[in-house]
Each structure stands twice: as C-alpha cells, then as structure tokens.
Amino acid sequence: MDLRFGDGKPTDEERAAVDALLGPPESSWEGADRSDADLRWARGGREARDRRDLLLPGLHALNDRIGWISEGALDYLCRRLTVPPAEAYGVATFYAMFSVRPRPATVLHVCTDLACTTAGAGELCAAVEVRLGPESGVKVERSPCLGLCERAPAALAIRAGHPPSGDGPARPAFEDEAVQAGSGGPGAAAPAGGNGKGRRGRKLEYATAVVAPATPEATVIAATAPETAPPEPAPALAVPQAGSPGLTLLERIGTTDPASLDAYRAAGGYTALRRAFALGPAGVIREVTDAGLVGRGGAAFPTGRKWQATAAQPDHPHYLVCNADESEPGTFKDRVLMEGDPYALVEAMTIAAYATGAHRGYLYLRGEYPRALARLTHALAQARARGLLGDDVLGQGYAFDIEIRRGAGAYICGEETALFNSIEGYRGEPRSKPPFPVEKGLFGKPTVENNVETLVNVLPILTMGAQAYAAIGTPTSTGPKLFCVSGSVRRPGVYELPFGATLGELLTLAGVRDNLRAVLLGGAAGGFVRPDELDVPLTFEGTREAGTTLGSGVVMAFDDTVPLPRLLLRIAEFFRDESCGQCVPCRVGTVRQEEALHRIADRTGAAAAGDVALLREVGRAMRDSSICGLGQTAWNAVESAIDRLGAYE
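Caption draft 1: Representation of the overall build of the protein chain. On a plain count of helices and strands, the protein chain comes out with 25 helices and 13 strands. The C-alpha atoms of the protein chain give 24 Å as radius of gyration, which agrees with the globular expectation for 649 residues (26 Å, within 12%). Expressed as a percentage of its 649 residues, the buried residues of the protein chain come to 60%. Long-range pairs, those at least 24 residues apart, make up 75% of the contacts in the protein chain with a sequence separation of at least 6. Positive and negative charge centroids in the protein chain, built from 67 and 79 side chains respectively, lie 2 Å apart.

Caption draft 2: Representation of unusual backbone geometry within the structure. Cis peptide bonds are those with omega within 30 degrees of zero, and the linkage from His316 to Pro317 qualifies with 5°. Here Pro317 is to be found in the loop between helix 11 (303-311) and strand 5 (318-324). A cis amide bond links Lys433 with the next residue in sequence, Pro434, at an omega value of -5°. Its identity is not glycine, yet Tyr270 carries a phi of approximately 70°, on the positive side. Summarising the element assignment, Tyr270 is placed in the loop between helix 9 (261-266) and helix 10 (271-291). Since its relative accessible area comes to 1%, Tyr270 is described here as buried. Phi at Ala300 is positive, roughly 60°, even though this residue is not glycine. Examined against the element boundaries, Ala300 turns out to sit in the loop between helix 10 and helix 11.

Caption draft 3: Structural context of the sheet that holds strand 11 (residues 516-521). With respect to topology, 5 strands assemble into an open sheet ordered 10-9-13-11-12, the strand pairing being mixed. Looking at strand neighbours, the two that pair on one side only are strand 10 (493-498) and strand 12 (527-529), the edges of this open sheet. The mean inter-strand angle of the sheet, taken between neighbouring strand axes irrespective of direction, is 30°. Bridging between strand 9 (residues 480-487) and strand 10 involves 6 bridges; their strand directions are antiparallel. Its bridge partner lying in strand 10, Lys481 is registered against Leu497. Sheet strands touched by helix 19 (residues 503-510): strand 9, strand 10, strand 11, strand 12 and strand 13 (554-559). Its angle to strand 10, the strand with the most contacts, is close to 140°. Against the sheet, helix 25 (residues 636-644) touches strand 11 and strand 12, its axis set at about 25° to strand 12.

Caption draft 4: Structural view of the pairing of strand 3 (residues 155-159). Counting buried residues in strand 3 gives 5 out of 5 residues, a clear majority hidden from the surface. The alternating pattern of strand 3 places Ala155, Ala157 and Arg159 on one face and Leu156 and Ile158 on the opposite face, and all of these are buried. Summarising the sheet, strand 1 (residues 106-111) and strand 3 pair through 5 bridges and their orientation is antiparallel. Counted as the bridge partner of Thr106 is Arg159 from strand 3. Sheet analysis places strand 3 next to strand 4 (residues 207-211), joined by 5 bridges and oriented antiparallel. By the bridge assignment for strand 4, Leu156 is matched with Val210.

Caption draft 5: The arrangement of the side chain of Asn323 in detail. Note that Asn323 resides in strand 5. Polar contacts involving the side chain of Asn323 include one to the side chain of Glu449, which spans 3.0 Å. If near-sequence neighbours (up to four positions away) are discounted, Asn323 is found in contact with Asp334, Tyr364, Cys413, Gly414, Leu419, Glu449, Asn450, Asn451 and Val452.

Caption draft 6: Region of the structure containing the pattern of salt bridges. Taken as a whole and judged by the stated rule, the model has 45 salt bridges. Of the charged contacts, one joins Arg335 and Glu150 as a salt bridge, the two residues approaching to 2.7 Å between their closest N and O atoms. Here the residue Arg335 occupies a position in helix 12 (residues 333-340), and Glu150 occupies one in the loop between strand 2 (138-143) and strand 3, the gap between them amounting to 185 residues. You can call Arg335 buried: its relative accessible area is 2%. The buried category is assigned to Glu150, whose relative accessible area is 10%. When the shortest N-O distance is used, the salt bridge between Arg275 and Glu287 registers 3.4 Å. Taken together, the shared-partner salt bridges connect Glu150, Arg151, Glu232, Arg335, Glu339 and Arg371 into one network.

Caption draft 7: Structural detail: the sheet that holds strand 8 (residues 447-451). Strand order in the open sheet formed by 4 strands is 7-6-5-8, with parallel pairing between adjacent strands. Unpaired on one side and paired on the other, strand 7 (401-406) and strand 8 mark the two borders of the sheet. Here the average twist between neighbouring strands, direction ignored, is 20°. In terms of strand pairing, strand 5 meets strand 8 through 5 bridges, oriented parallel. Opposite Asn323, over in strand 8, you have Asn451 as the bridge partner.

Caption draft 8: Geometry of the nonpolar core. Grouped together as the largest cluster of nonpolar side chains are 159 residues, with contacts concentrated most on Tyr95, Trp307, Leu365 and Phe528. Setting aside its immediate chain neighbours within four residues, Trp307 contacts Val284, Ile285, Val288, Ala352, Ala355, Thr356, Val448, Asn450, Leu455 and Val458. Ala300, Phe483, Val489 and Leu497 belong to the second largest nonpolar core, which has 22 residues in total.

Caption draft 9: Representation of the pairing of strand 6 (residues 358-365) within the structure. In terms of burial, strand 6 is largely enclosed, as 6 of its 8 residues are buried. Of the pairings in the sheet, the one linking strand 5 to strand 6 comprises 7 bridges and is parallel in character. Looking at the pairing, Asn323 lines up with Tyr364 of strand 6. The pairing of strand 6 with strand 7 spans 6 bridges and is classified as parallel. Bridge pairing in strand 7 links Leu365 to Arg406. Tracing the backbone out of strand 6, into helix 14 (residues 370-385) and back to the parallel element strand 7 gives a crossover that is right-handed.

Caption draft 10: Examining the environment of Pro281 more closely. You can see Pro281 is positioned in helix 10. With 20 residues separating them in the primary sequence, Pro281 and Phe301 have C-alpha atoms 20 Å apart. Here Pro281 is in contact with Tyr354 and Ala355, once residues within four sequence places are set aside.

Cut-offs used in this document
Going along each chain's sequence as written, the residues are numbered from 1 onward. It should be noted that, the model being predicted, local features are given only for residues of pLDDT at least 70 and side-chain atom pairs only at 80 or more, the latter also being counted only at that level, while totals for whole chains, interfaces and linings use all residues. Only hydrogens and water are removed before side-chain values are computed, so all heavy atoms of the structure are retained for them. Counting from the N terminus, the helices are the DSSP runs of H or I reaching at least four residues and the strands are the DSSP runs of E reaching at least two. Only C-alpha atoms enter the radius of gyration; for comparison, a globular chain is expected to reach 2.2 Å times N to the power 0.38, where N is the number of residues. Residue exposure (1.4 Å probe, protein chains only): buried if accessible area is under 20% of the type maximum, exposed if over 50%, otherwise partly exposed. Here, residues are in contact when the closest pair of their heavy atoms is within 4.5 Å. His is not counted, nor are the chain ends, whereas Lys and Arg count as positive and Asp and Glu as negative. Here the site of a charge means NZ on Lys, CZ on Arg, CG on Asp, or CD on Glu. Only strands joined by at least two bridges in the DSSP assignment are considered to pair. Note on geometry: axes are C-alpha line fits, over the in-contact stretch for helices, and angles between N-to-C directions span 0 to 180 degrees. Whenever a nitrogen or oxygen atom comes within 3.5 Å of another N or O atom, the pair is scored as a polar contact, on the condition that within protein one atom can donate a hydrogen and the other can accept it, and that pairs from neighbouring residues in sequence are kept only if both atoms are in side chains. Salt bridges, as used here, are contacts in which a Lys or Arg side-chain nitrogen is within 4 Å of a carboxyl oxygen on Asp or Glu. We call a set of buried Ala, Val, Leu, Ile, Met, Phe, Trp, Tyr and Cys residues a nonpolar core when their side-chain atoms join them within 4.5 Å. By definition, the crossover connecting two strands over a helix is right-handed if that path, from the first strand to the second, turns clockwise as seen with the strands pointing away from the viewer.

This is the structure:
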C-alpha cells in the first residue's frame, strides 16, 4: 500500500457503507462527481483532518457490510477523511477483526485461550474445521479470549451483510439471545448491507451469534445460519450470587429488567446522580477520595486523585473515556455489568464527567461483545429521550453525552493511551509518558479514563456515603470487588466479595474441584499460586506481599489434568500475538519467550536449564525496558510457574 491512492475503485456496496456513516460526499475531493466549483478551490484542511477519528468506525462499516476491506474501499474512505492510504492501511491491519484480503462473509471466532483450552477448545476447533470446509462460506479463526470464560468453550460467529430490513419478524433486542443486529451507537459504524446473496436471491443481513458452551453441532449451525442460533443465557446466570442479599455492585443483575429505565430508577437508579448535583463537582471528588476508591483494572491508582488532577487542568475541553475493552484472558466482569445493568454505567459516566468538567464521553467497547453493544445503545437512547443525557441533564444546566466506539480485537488497546490513539484513528500503540492523560490525553486534552467496574463503584459511594463505603473491605483496599472465577470450579461466574476475603473462601464459594494444581491470579499478565497458598487475602496489598498480583480480578483454577507447559505456551503465544511491536524489548522478547517455551515443552531438569536461564534474562529485559504494561508483565505468569510451581524441574 503506497502513500498515494491506488487504482482500485470501491463497489457500490462499499460506497454505501461509508456514505451511511459519513453522509454523501460534498465534492470531487471526497469522491463525488467533479463540479465547476471543485475547479476553483480545494476542500479539506483542518476541517477534514478533524474527522480522522471516524477512521475506525469507517473500517467497521466496511468490514460489517462486506466482510473485508478492499483497496478500493480503503481508498474511498481515505479520500472522505483526508487520511493517507498508507496510514489507513496500517490501522486496518493492526486489528485482528479486520482483513484486507478477501475472505468469506462469515467469520467464526473460536476461543482457544486458557479457560476454553482446558474445556476442550482444541477438539472443538478440529471438529468445526472438518465440518466447515472451504466451500462452506465460513472462515474459522482461532481467537484469543472472547470474555465468555464462565461458559467455556466459546465461539462467536459474525456474518457481514446489510442492515436488517425490518420487513421480517423482529427479534427483540433484549431477548436473552445472540444479538442479531449490530448497532454501533452514536459515531460508531453501523453494520451495513452486503453483496452476498442468501437463498432465493435474498441479500444477507448482518448477524452475530454467540455459542457458549459450544458444541461442534451448535457452532456449525451458528456459523452457517446465525439468525437461527438459540438465545444466549441471561446475564444473571453468570452471577451465581444473583438475588442474594448484601450485594452492592451486582444487586440489580437478575432482579431488575436491564431494558427498562423505569425499573432501574425504581431500584434506586439516578439517586447517585441527584446527590452528585447536590454536592457539586468538588464535593463528588472529595467523596470518591475519602472512600478510598482505586482503579479496578489492575493498576489500582487512586480514582479521586485522577479526577482531581483532570478537573484542575485549565485546558479545555475535558474528556471522559470508559475503558470497556476488557481483553485480559479470564476477565468477563465488565461484560456482565454492561449486559445486566447498563443504566448503571451510563449514570456512573455522567457523574464522573460532571465531577471532572467533561461534556463528552467515549465508551470504548470490545468488538467481541455484541449483546453489550445492543444493550448500551438502547440505554443511551432511553437516557437521551428522558433528559438524562443531552444539553440539560436532569434540568441542572449541565450538558453531557456519550458516544460508543467499538474496538476491533487488540488487547493492547486496554492500555489507556493506546485506547486514545485507537479512538483518534491511529494504530493502537501506547504513548510515552509524561505527559500523562490528565494533562494531554484524548485529542491532546485533559482526559480521565476508568474501566467499567471502577465507574460503577462510584454509585454506592454517593448513595451510602464515603464513610460507609470505606468501612467495606480493609483500610487500604476499600469497598467490594468483583472476581471472575473460571476453570476447575463447579460454579464459574462473577462473584462480589469485600476486599480482605481469602482466595480459599472465594474458591469454596465457587465450588473448586478436587486435585487442584494451581490458581492463576490476574489473568495472563498475573501469576500462579499453589494450592497451599489459598489463605492469600484478596487485597492489593495482600497479593503484593504474597509475591503475586490481584490484577483485574481473574481467578482461574487448574486441576492436575491440565498440562502446565501447555498453559504457559498458550500465554506466551497470546503475548506474542498481542504485542503492538512498537518497542524492541516487547516485540522481540515475546517471540523469544515463546520460542524457548516451545523448545522445553517436553523437557525438565538439566535439559531445560539453559532455556530457563534465557527466559529469565529475556523476562527481565521486557519488564525493565518495555514501554507499557504488556511487555512489562508478559513474563509474570511464566516466572511464577517456574519459581512457585516448579515447572520444568
């Protein structure tokens, strides 16, 4: 792909997909027919460059309608946005969900990450690939974690096509099922029509289907006819504690209709926002600070300090970004919150924006979460219609709105500055710090970024008060915490416990199976602990003292039937695939780590000693000199398996 525009021309379907997002072109400079006016002046400049952030939604529009992004389609999108084709090509090839080479309209993503691998994902892939041959019209792709670990193994089918016509029987958006119509929300690329033909010449419609737990038969049906896939289970089934008294963050899941704004308000919704308006921005920040809330994504940075630093910046506008791109293997708590209690996130984002002086919020959502997308899109529309978003929120004279941006399969975009680059239309590569996001974040302006769980914690802080909230948990790790439990347990799912509960208590609640071999805390970027270490307190300071990490709350149990070298190799493959390649230590180190683990997969003792020493050297180099947390933590799980579990001895 050259810097100049190529000779490829977009098809009518490709033009329609882009124009549905951007509107029709206004001049020949954007791809319209040339007029006399176009000969007198050129259009573009700053106005055109200001639309660069629509590049990712534009790529989604093409991929959703056609199934891949051709050179002609990419050229047309670049002309519309005044983006150099070489840069757009670099963005399109950065994301795993896009393809710049022809492929079938339907792509079946089969998860082969840790929880699914131990649940038979390899056998599932082999069986599906036999049934879906080259003539099936389906491309089978082995995928990293789909965030469905409580129902492993899992698969996601995505069929490109035009938007549902609406002339057939409508399937309700809030039926607990595989979401059939992909709606991107404001500013997101709405799935648009395709050039594939169905039976009797009918054009195919865009459709998705989630199959979990997946069998070969159900997966093949979902891939070949996603609109006939059976309903997805209700989000409450991912919460074994659903309906239990004493829950704080999960109290509405399974008890309140996630589609109904009235039901949400009857269950205490928007009480926190009203109190926020009564306190004022400074009062809200003071409450959050006094409550001791820290980030729940793994870094554990004090939320009040981040909000205060953003609010104090004289540069405007300020932005709020919700990081809903949870891609850490084993993590699915944010998905359950968004599917089961979407209005809580909308309210929490409104409070955070009010406190930090932001009038625009972006919700960056995993591309692999179709049901969460539909439910949040519906929630935003209802909130706008009822005056809870828009120019005058609750009649308080405060303007705020939220725009959904869909990710496209890039673990690195969970890093805040990589996420900003992704929204802005660039490759999702981390930025060097300083400057920090509170000074120069999204679009170079002060930005506060929090994940879903962190934001939802703000609601009980304001409703029960900072002191009552801080009384939950321990003095240094306050409040409730969500844990994603999967693997060798009888009741996998999202659990809510106060900080300070032990790992053993959590696993007992989840029904851990016999012959436990190891527990992975914090996901692929975390570390292993032994069965005799289950008294570790689940707090940030407790896990740190035990030489491991709490991370995002992943707790994955493995029994003695799971081969440890196979798990470590899968973790290494994950980091190799997900490295953005920007810095040498991570780009080279993740490859060398995987190579060494391949060599010693069946070795122990002296035969493995040389490569174990090499792994330590490479791991230290990645930890000490990588730009971001991906490279800095890529060695953690392997190191803990060698040192704590005696792998390769």
